[in-house]
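So the chains spell out like this:
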Amino acid sequence: MQFINMLVLCFISVVMTSVSKAEEPNFDLYTRKVQPIFDNRCVACHSCFNAPCQLNLQSFEGFQRGASKLNVYDGTRIKSVSPSRLWIDAHGAKAWQEKGFFDLNNTRKSEGNLFLSFLNLRAEKQNVEIEKQVAQTQICASPAEDFKKLQKQAPYLGMPYGLPPLSAMEIDMIQTWLEGGAPGPNSEAQKELARVPVEIQKQIQVWQKFLNQTDPTHKLVSRYLYEHLFLAHLHFPESKDTFFRLVRSRTSCQEGVQEIATRRPNDDPGVQKFYYCFAKFPGTVVMKTHIPYALSPAKLARIKKLFWEESWRVRVMPTYEPGVAENPFIAFKDIPVKARYQFLLDDAQYHVSTFIKGPVCNGSMAVNSIQEQFYVFFMTPQSDNMVLSKEYVGKVESLLMLPGVFGSDVDIKETPVFYKKLIDHRENYRKARTDELKKLKPHGYALSDIWNGDGVNPNAVLTVFRHDDNAVVLKGAVGDLSKTAFVLDYPLFERLVYNLVVNFDVFGNVSHQLLTRVYMDMIRMEAEELFLMFLPPEQRLQYRREWYKGLLTQVKMTYVFPTIGSSEPTSVRFTEEGNTKKQMVEKILFFHLNEKVRGSFDTVNWKSLQVPESMQPQFRVEGLSAELRKIAAVKAETKTPFARFFPDVAYLKVVMNSGDLKVYSLIHNKEHESVSWILAESLRMAPKEDSLTIYEGYWGPYPNMIFDVKEQDLSTFVTAVQKMKSEKDYQKLVTTFGIRRSNQGFWTHYDELTAHYRRTDPTNFGYLDLTRYELK
């Protein structure tokens, strides 16, 4: 009884303390109480462009902006639309309302307040069955009269959608805030939000001074850096969780940043004089858009060395005119190619992430053009055609035109003409590339032509994992031997960045999006082709046919991507007649890259890949890895179909006997007969080749399921997975170990994952997105 009395007294004390603080004149209710609720319960869906109704709650400005019925991801629009990027394209409620947004905080009264009504609807109707995700146009209720209809017709649309409601205390807190006028951060809080840690202020000043030098070479390099880093969340080692954006400002950095809002980073800024400045990231970080990039004095020294190691000059400062700005091989032709390429290689994971992970939160138009898992290797600069020959550069730079040259509003009638032009240019480039290879490498490529990370850089091998319409990039060869592999040289790498990041406009019309997608298709085939050039000529066509199955696909390949240079020799020596793809990957990983570059062995997933006997002692499979290895990289054939029933990404929480937590990503690799078509992807699947990759860490921003397993029960979990033969069996697994979104303890598990992620990896941490979480 005494213990219960003490608990009651503690509770009263906490409540009274909270009340007294709330009554303090300088107490910031929004910053201290409301935004944390948004962070932990709302940004899991309401962030980036895929936020329902574009209601973005990563900051007060997002709440103030309100909602819109416009769907950013409209792949059918004939005309482009005005960009609606939070923090960039408008500021203040009035400016956003002029762009078509409406206020959800329509009244101070609790009764009729749209924002509060959605929260209360979920609390009142939390047992309403939800079967599927709904179109955002069904959710975007405005004005209040629409909500009354919606409340009757679709009571399941309360927020958080399909998840346990906010607690009574959280709803009361938001109600109190709304009734008080929903004030934003006070002046003290705003200063704190804008505060830059003292230990990095000087570094930022040094970087800004460097970027704003006015001599031609520095101006051109700064433009190049900006166009590659505009998506980055820049950070410094002294403050790992404080991030900045690199922006173009009308005013000097010392005067305060006034960002120039252009559709694309290579658009004309519209002013003669502008400045490159660091702007502190103004909102909550979410994983799906978080691409960190580390800065330091050493990084600045490296950039200076790269770009000014050899003497060069700017002959003509490039304009922002079409045909120049969209083609980096023309705009930056005065910068030594080797410097540009090595800059990309130094932080390859970041640059590959920009077009694989960003800039649009999800990208079905681009991402369905890649395999679910594949390795990426790079041509060493010393073997790159553009590095080796200036004459060759001049010959091919105009052939490397990109769809961005046609703008965001591509005339639909002209689209077939533009498509043919892109193909013709690309085919002429492939022929020129092959001719140059014959001249520079008459015996073909050798193992030494693959970049080895200069013996220290772990960016030399990457793995891409695709999950439906989004993807992530990991350092190292993760997962078992991939079906295909990329080798990127400088022209491929740079075109990927410019096609999918710099030149791409998510607000563009259907033809702009279509041409971007089909050009990505072309680049993917080139990257695969470059890998095949290391294999024996007689086996290249065989692999190509395995990667692109189907009669229609073969016809397309014949006319759109005919074989060129397929008979050129290779200098790589293979000890076996078959499995040359496997041999090539093993040669790179185990004999060409050292341990520092290659990274740790993937003891859970490597099964087809054979570690050399001399390295076997390092390939120790023990502890949890030994158990998880039983279900990793197992083909979903008749006897072992379990991988087919798993969602794209699940997180496995293993609560250790010690009380520690280990988190693994269970990634469903869905195999395809071909990824060369935009539509009807489901008709080209090869489910018997599916498998699971299991890797420790957070490797998917959109989890579909969380499994909660105690260490002593892991073998039971694994056995249950092995026995799965149907969807019904999978649902039994979820019932036993899964955390359904209707589970009343769901938020406890989500919070545990969030805290663990933040604690173990503060630089890469970002809140997960729950819009794809299983509804069943």
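Look above for the structure.
This section reports on the structure supplied with the text. Position numbers for residues count from 1 along each chain, tracking the sequence in the order it is written. In keeping with the model being predicted, local features are shown solely for residues with a pLDDT of at least 70 and side-chain atom pairs are shown and tallied solely at 80 or more, while totals for entire chains, interfaces and linings include all residues. The side-chain numbers reported here are obtained from all heavy atoms of the structure, hydrogens and water having been left aside.

Quick word on helix H28 (residues 727–737)
Item 1. Partly exposed residues are those whose accessible area sits between 20% and 50% of the maximum for their type, while under 20% is buried and over 50% is exposed, using a 1.4 Å probe and protein chains only. Strands here mean DSSP runs of E at least two residues long; helices mean DSSP runs of H or I at least four residues long; both are numbered from the N terminus. Within H28, the full set of buried residues consists of Tyr730, Gln731, Leu733, Val734 and Phe737. Axial view of H28: buried residues confined to an arc of 155°, hence all on one face. Along H28, exposed side chains directed more than 90 degrees from the buried face belong to Lys728, Lys732, Thr735 and Thr736.
Item 2. Note on definitions: a residue-residue contact is assigned when non-hydrogen atoms from the two residues lie within 4.5 Å. In this structure, the buried residues of H28 make contact with strand E12 (705–710) and helix H27 (714–722). An arc is given here, and it is the one of the directions from the helix axis to the C-beta atoms.

Some thoughts on the sheet that holds strand E9 (residues 649–655)
Through backbone hydrogen bonds, the strands of a sheet pair up, either in parallel or in antiparallel fashion.
Item 1. Sheet architecture is open: four strands sit in the order E11-E10-E9-E12, paired in mixed fashion. Looking at the sheet topology across the chains shown, the edges are occupied by strand E11 (691–696) and E12. Direction aside, neighbouring strands of the sheet carry axes that sit 25° apart on average.
Item 2. Pairs of strands are assigned from DSSP output, requiring at least two bridges between the strands. Pairing between E9 and E12: six bridges, direction parallel. Bridging across to E12, lysine 653 finds its partner in aspartate 708. Axis angles are defined between N-to-C directions and span 0 to 180 degrees, where every axis is a line fitted to C-alpha atoms and, for a helix, only to the segment in contact.

Quick look at the sheet that holds strand E7 (residues 470–475)
Item 1. As summarised here, the arrangement of the four strands in space is E7-E6-E5-E8, forming an open sheet in which the pairing is mixed. The outermost strands of the open sheet, each flanked by one partner alone, are E7 and strand E8 (485–488). Direction aside, neighbouring strands of the sheet carry axes that sit 25° apart on average.
Item 2. The pairing of strand E5 (residues 373–378) with strand E6 (residues 462–467) spans four bridges and is antiparallel.

Details of unusual backbone geometry
Outside of glycine, negative phi angles account for most residues, and trans bonds account for most peptide bonds.
Item 1. The step from methionine 159 to proline 160 runs through a cis peptide bond, and the omega angle for that step is 5°.
Item 2. The phi dihedral of aspartate 468 falls on the positive side, at around 60°, and the residue is not glycine.
Item 3. Here aspartate 468 shows up in the loop between E6 and E7.
Item 4. One non-glycine residue, asparagine 579, lies in the positive phi region at around 55°.
Item 5. Note that asparagine 579 resides in the loop between helix H23 (551–560) and helix H24 (580–592).
Item 6. Asparagine 579 sits in the partly exposed class, given a relative accessible area of 48%.

These figures come from the coordinates and say nothing about function on their own.
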